[in-house]
Amino acid sequence: MEQKIRVLVAKPGLDGHDRGAKVLARAFMDAGMEVIYTGIRRTPEQIAEVAVQEDVDVVALSCLSGAHNTLFPRVVDLLRQKGANDMLVMGGGVIPEEDVPFLKEHGISEVFGPGTPLATIVEYIKTHVTREA
Amino acid sequence: MDDRESLERLKAAKLRWQQHVDKVPEGKTGKAYSDCATSSGIDVSLLYTPEDVEEMDYMHDLGFPGEYPYTRGYQATMYRGRLWTMRQYAGFATVEESNRRYKYLLNQGQTGLSIAFDLPTQLGMDADHPLSEGEVGKVGVSVSSLADLEVLFDGIPLDQVSTSMTINAPAAVLLAMYIALARRRGISADKLNGTIQNDILKEYSARGTYIYPPAPSMRIINDIFAYCSREMPNWNTISISGYHMREAGCTAVQEVAFTLADGIAYVDAAIKAGLDIDSFASRLSFFFNAHNNLLEEVAKFRAARRMWARIMKDRFHAQNPKSMMLRFHTQTAGCTLTSQQPDNNVVRVTLQALAAVLGGTQSLHTNSRDEALSLPTEDSVRIALRTQQIIGYESGVTDTVDPLGGSYFVESMTNRIEEEAWKYIARIDDLGGAVKAIERGFIQQEIQNSSYQYQMEIESGKKVIVGVNKFQAHDKPAMNLTRIDPTLYEKRHEELAAMKARRDMAKVEAALARVRAAAGGDENLMPAIIEAVDVYATLGEVCDVLRSVFGEYRPDASF
Amino acid sequence: MDVTQGVLAGDTRAIARAITWVENGDSRGAELIRCVYGSTGRAYIVGLTGSPGAGKSTLVARLAGLLAAKGHKVGILAVDPSSPFSGGAILGDRVRMFDVALARNVYIRSMGTRGATGGLNRTTRLAVRILDAAGFDWILVETVGAGQSEVDVHDVAYTTVVVMAPGMGDDIQAMKAGIMEIGDLFVINKADREGADRAATQIESILQLSMATGWHPPVLKVSAEQNTGVDRVIEAIEQHRSYLVQSGQLDVLKVRMAKLDVLEILKARLVDMTKTQLDRPAVQAELNKVVNRQSDPYTLADSIFEQSWRKT
Ligand code: B12
Ligand SMILES: Nc1nc2c(ncn2[C@@H]2O[C@H](COP(=O)(O)OP(=O)(O)OP(=O)(O)O)[C@@H](O)[C@H]2O)c(=O)[nH]1
Ligand SMILES: [Mg+2]
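Residues numbered from 1 in each chain as written. Chains lettered and ligands numbered in written order. Predicted model: local features only at pLDDT ≥ 70, side-chain atom pairs only at ≥ 80, totals over all residues. Heavy atoms only, no water.

**Section: the overall build of chain A**
Part 1: Along the backbone of chain A there are 5 helices and 5 strands.
Part 2: The order of helices and strands in chain A, counted from the N terminus, is β-α-β-α-β-α-β-α-β-α.
Part 3: The C-alpha radius of gyration of chain A comes to 13 Å, within 12% of the 14 Å expected for a compact globule of 133 residues.
Part 4: With the principal axes as the frame, chain A shows a C-alpha extent of 40 × 35 × 25 Å. (Helix = DSSP H or I, 4+ residues; strand = E, 2+ residues; numbered from the N terminus. Rg over C-alpha atoms; globule rule 2.2 N^0.38 Å.)

Here it is, written out as structure tokens:
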């Protein structure tokens, strides 16, 4: 049976902007992936636990409320604490360019902002999910 | 309109003309002559003539401005009497900084205030709540108690400005603080002008800052209606908002339909709670989006006005004409603004603002060019405000009322939007009304589907977004962006601790107990909440009491 | 990470990875099942099925909450449909279970149907074995929102709970066909809404017509949302369980389950083998003959079958 890419689309923090997250979730499904969407207002603890229980390949964090520097690294830390080092953690939303290096230092593999074509994001996932079958 | 005979002549001539057009080769823009539609999927013809508005009856469908059904505007003189209120939504970081921004805006000729709160505040959590970490002051101003509001409005005459607050689930608490603040300054509540958004239904369907489940939320809203109808005759008790649903991705038709359906639900609930329709209906206000398709948007505003008038008259049997007037605030469509080539956004906003003015708005926020990058800088906000002033003072569109009224196209589009919106309202009625429709995820689903379709059209290039999927540029001009102090959480922690140390705890506890009692019974909540905030009970404390009585809403993140 | 040891020790990440393996048909999954199968057979498996949106996920979350509070370890497998076009899926059951997701002793795994039509994923029963080996006392399996043909859950669970909601009267008529037979107990959820009594009476009257002996499926009114009546569901499941034990039915079921485990593996193998055969260039020529009506599908199938058999 073929392997499927599993993605957790997650909304950490108090942010309620879910238009982008829902669009992504649907685009991932249309690209043949299995998607778990958390809904809004989740804590990093909830997100990391779900990611591990679901054994996802990708954790897609979406934040448009400016709290990314606090929340994204925390998700990565918690994943590491749980021994999940092999997940691709990506971020997106309204994130100032100057914050990107900081996020990358803290384990976010890439950050995508407004206007990014969905095809670019799907392609990025397909080429960066490295876990052996 | 034209008499029978000339209409027949027209029809014949149109047929001849159409045959001619059918022979013209396909247009260069790639839009086939036959296949063209608005965002709502309403077909747009190449040409409109009296034939398209054949059924329209001027007095029945349009009437005069200031008269039923208010299609042409809710006031007789419209902008000749007074321009719309120029009201930029603003707030960030601390009460001190936001206070400075408000004074700046008023100095620049803005005529009303619009307060943006941060997410902890909107969710009824104090700045020192653990979940507030990283969120304090980020997307609005942080207000946790009356002490904060005192500073926020320092030097601003509450009896002379009109203040709009985008606050929903905890609206009662912020309104209570505003009343308490005014009292301390010797201003009674009946002198206050302004609006609280207070529209919980669209929070469930599109905006996300809900706290309590629908039933207790509707009860709080009714308490506010009842209280204000007695004490605050100039206060807009709710701003029934389509803006956020549109921003979440719905179409123009859906925006009208879902907003009016929400309006119907509020009116139903208030009537059920024993309020007389004419005692509160004139204080209902609305909030719409001004999106890209200029003429569809103008038609949308006109259709909404006409529909609300008919709903109030025919469905609810309101007697007072004021109850039938749809007054609305408008904001330009943030979701159309791009991070690529941000200066282009100034042009988009101009067109959208023009649509709002041509559609007869009462108040307007114009988004800033840095919309997709950060909260707006002072420079960007000034351009946005100037945009309104240029439309208002230079363009001439304010000289006559409803200048597009009578355009065959605009009238036909107005009719079509109305027709399609009625169909949605009928479907929502069948589901048992807006509250039920939201509980079943119907409205959310419709919004999501439209949003995905919109995105797919951008993805395929069918919908052109200049600078994003066409006419891209690769140089990125340096922009100054707003940055919020990341240590605010810690700072506010200390401030709050100091404030809590100063207050009389016995009074706070007694007042909170009264809030709990009121919430558990059916006494109006407002007096108890005013008393509590007046002795510096915090927003979080009051909302926690209500949470413990009312419970919390669990959303259905359905697809 | 040693996944096998991890599973036996109840480690979340190991369990999760092991399920991924069996789901993907990875040979490591097979190896793992071989190693841990000896530790299975202890868990009690409950299946929940019923019409879309009836409240299965909400109820599962409530059941898990109650069971976990009593000190049980609860594993949940929640199946949602995969898109037949893209093969992708949005697995939405979990959203309704967020409150228990973080509770100690609760593990939730979402699965897409990946082309299976019986309401489950083909490997759900193997995932159940993994949870069993990991020491979960209770395993709750939620099927996709089912109409009538999605009755596979009956082959996975000892007790099958059929969840319905009032206002779906027409559905009840339609459901007589498949689902009524597999229910060991019936839950009328959303009893906070109108029509629950009527729905319950309707179900009871349908059940009276059945010729079941020994166990008479109870019909319970529940509001999963408001958390009322959920304890009675657990009681009823316990009663059904004692009935199965006392009547010896449980042992019969266990034999059946073991047989089905083997069958499932065999089926997967056969599909794999025959698919590989089908893709061989030599077979392409034969296939063309079928297309041109020079041969027929039975003849080709026979020859492929023989070839596959001989090869292994
Ligand atoms: C739509 C919108 C809203 C809607 C949201 C509706 C909804 N249900 O989502 C409404 C009107 C409700 C709203 C409200 C608010 N908003 Co708003 N909103 C926007 C807006 C205009 C567009 C966002 C959007 O949906 N775009 C369309 C989607 C498809 O794009 P996207 O989310 O950006 O996603 C794309 C990429 O970013 C990327 N992406 C996103 N996430 C991820 C994740 C991963 C892993 C990957 C790979 C990619 C990725 O891929 C997507 C496809 O390209 C932005 C400004 C802008 N133009 O971006 C402001 C904006 C985000 N909002 C803002 C603010 C302040 C608010 C409020 C807090 C205002 C207030 N004080 O009340 C409220 C609060 C809402 C809440 N509960 O949190 C600010 C945030 C400021 C900041 N971060 O510094 C912005 C930037 C506007 C501004 N300049 O002031 N908003
Ligand atoms: N009024 C009421 N609503 C409920 C109850 N239980 C669940 N719901 C609502 O019904 C909807 C569907 O619930 P789910 O638990 O997702 O139903 P499901 O059967 O798992 O749905 P699928 O997996 O999609 O088939 C949600 O909006 C729930 O909030 C209940 O007891 N009463
Ligand atoms: Mg479910």
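Structure shown, so let's carry the discussion forward.
**Focus on the pairing of strand β7 (residues 185-188) of chain C**
Residue and element names in this part refer to chain C.
Part 1: Along β7, one buried face is formed by Leu 185 and Val 187 and the opposite face, lined by Phe 186 and Ile 188, is buried too.
Part 2: Relative to β7, strand β6 (residues 159-164) runs parallel, the two sharing 4 bridges. Directly across from Val 161, in β7, lies its bridge partner Leu 185.
Part 3: Relative to strand β8 (residues 219-221), β7 runs parallel, the two sharing 3 bridges. (Buried < 20%, exposed > 50% of the residue type's maximum accessible area, 1.4 Å probe, protein only. Pairing = 2+ DSSP bridges.)

**Notes on the coordination of the magnesium ion (ligand 3)**
Around a metal, the idealised angle for a tetrahedral arrangement of four donor atoms is 109.5 degrees; for an octahedral arrangement of six donor atoms it is 90 or 180 degrees.
Residues and elements named next belong to chain C.
Part 1: Summarising the metal site, the magnesium ion (ligand 3) is bound by the protein donors Ser 57 (OG), Asp 93 (OD) and Glu 142 (OE), whose distances to it range over 2.0 to 2.2 Å.
Part 2: In the primary sequence, the donor residues of the magnesium ion (ligand 3) line up as S-x35-D-x48-E. Pair noted here: Asp 93 is in the loop between β3 (89-90) and α5 (98-101) and Glu 142 is in strand β5 (residues 138-142), with a separation of 49 residues, a long-range link. Both residues of the pair, Asp 93 and Glu 142, count as buried. (Donors = N, O, S within 2.8 Å, 3.2 Å for Na, K, Ca; no water.)

**Digging into the site of ligand 2**
Part 1: Surrounding ligand 2, one finds 20 residues, the nearest of these being C:Lys56, C:Ser57, C:Thr58, C:Asp192 and C:Glu225.
Part 2: More than one chain reaches ligand 2: its neighbouring residues belong to chains B and C.
Part 3: Within the backbone of C:Gly55, a nitrogen or oxygen atom sits 2.9 Å from an oxygen atom of ligand 2.
Part 4: At 3.3 Å from an oxygen atom of ligand 2 is found a side-chain nitrogen or oxygen belonging to C:Arg96. (Near = heavy atom within 4 Å. Polar contact = N/O pair within 3.5 Å; in protein donor to acceptor, adjacent residues only side chain to side chain.)

**What about the site of ligand 1?**
Part 1: Around ligand 1 lies a shell of 46 residues, among which A:His17, A:Asp18, B:Tyr89, B:Glu371 and B:Ser374 are the nearest.
Part 2: Lying at an intersection of chains, ligand 1 is approached by residues of chains A and B.
Part 3: Within the backbone of A:Pro114, a nitrogen or oxygen atom sits 3.3 Å from an oxygen atom of ligand 1.
Part 4: The separation between a nitrogen atom of ligand 1 and a polar main-chain atom of B:Gly334 is 3.2 Å.
Part 5: Elements with a minimum of two residues in the shell around ligand 1: α1 (19-30), β3 (58-63), β4 (88-93) and α5 (118-128) of chain A together with α5 (119-122), α8 (201-207) and α10 (243-247) of chain B.
Part 6: Considering every element that reaches the shell around ligand 1, the biggest residue donor is β4(A), with 4 residues.
Part 7: Its residues assigned to classes, the shell around ligand 1 shows 22 nonpolar, 18 polar and 6 charged. (Nonpolar A, V, L, I, M, F, W, Y, C, P; charged D, E, K, R; others polar.)

**Concerning the interface of chain C and chain B**
Interface size is commonly expressed as the accessible area that is lost once the parts come together.
Part 1: Residue-level contacts link 5 residues of chain C with 6 residues of chain B.
Part 2: Across the chain C to chain B interface the summed buried area is about 500 Å²; carbon plus sulfur atoms make up 46%.
Part 3: Ranking the residues of chain C by area buried against chain B places C:Ile90, C:Arg96 and C:Arg193 at the top, with a combined share of 65%.
Part 4: Counting every contact that joins chain C to chain B gives 1 salt bridge.
Part 5: Notably, a salt bridge pairs B:Arg554 with C:Asp99, separated by 2.8 Å at the nearest N-O pair.
Part 6: Taken together, the links from chain C to chain B amount to 2 residue pairs in polar contact (both at pLDDT 80 or more).
Part 7: Of the residues belonging to the side of chain C that touches chain B, the class tally is 2 nonpolar, no polar and 3 charged. (Contact = heavy atoms within 4.5 Å. Buried area = accessible area lost by both parts, 1.4 Å probe. Salt bridge = Lys/Arg side-chain N within 4 Å of Asp/Glu carboxyl O.)

**A short note on a nonpolar patch on the surface**
All names here are of chain B.
Part 1: There is a patch of nonpolar side chains on the surface, built from Tyr 58, Met 59 and Phe 64 and spanning about 300 Å² of accessible area.
Part 2: Turning to its location among the elements, Tyr 58 is positioned in helix α2 (residues 58-62).
Part 3: Judged by relative accessible area, Tyr 58 falls into the partly exposed class, the value being 32%. (Patch = residues over 30% accessible without salt bridge, like charges linked within 9 Å, V, L, I, M, F, W, Y side chains within 5 Å. Areas by Shrake-Rupley, 256 points an atom, 1.4 Å probe, with all protein chains shown as cover.)

**Here we look at the interface of chain C and chain A**
Part 1: On the side of chain A, 32 residues touch chain C, which itself brings 31 residues to the contact.
Part 2: Taking both sides of the interface into account, the surface hidden between chain C and chain A amounts to around 2,800 Å²; carbon and sulfur atoms contribute 51%.
Part 3: Interface area lost by chain C to chain A is led by C:Arg13, C:Ile90 and C:Phe98, which between them contribute 22%.
Part 4: The tally of links between chain C and chain A comes to 5 salt bridges.
Part 5: Note that C:Glu23 and A:Arg6 form a salt bridge whose closest N and O atoms lie 3.8 Å from each other.
Part 6: When contributions to the side of chain C that touches chain A are tallied by element, the ones reaching two or more residues are α2 (12-24), β3, α5 and β4 (106-112) of chain C.
Part 7: In terms of residues, the side of chain C that touches chain A owes the most to one element, α2(C), which gives 7 residues.
Part 8: Looking at the side of chain C that touches chain A, its residues break down into 11 nonpolar, 10 polar and 10 charged.

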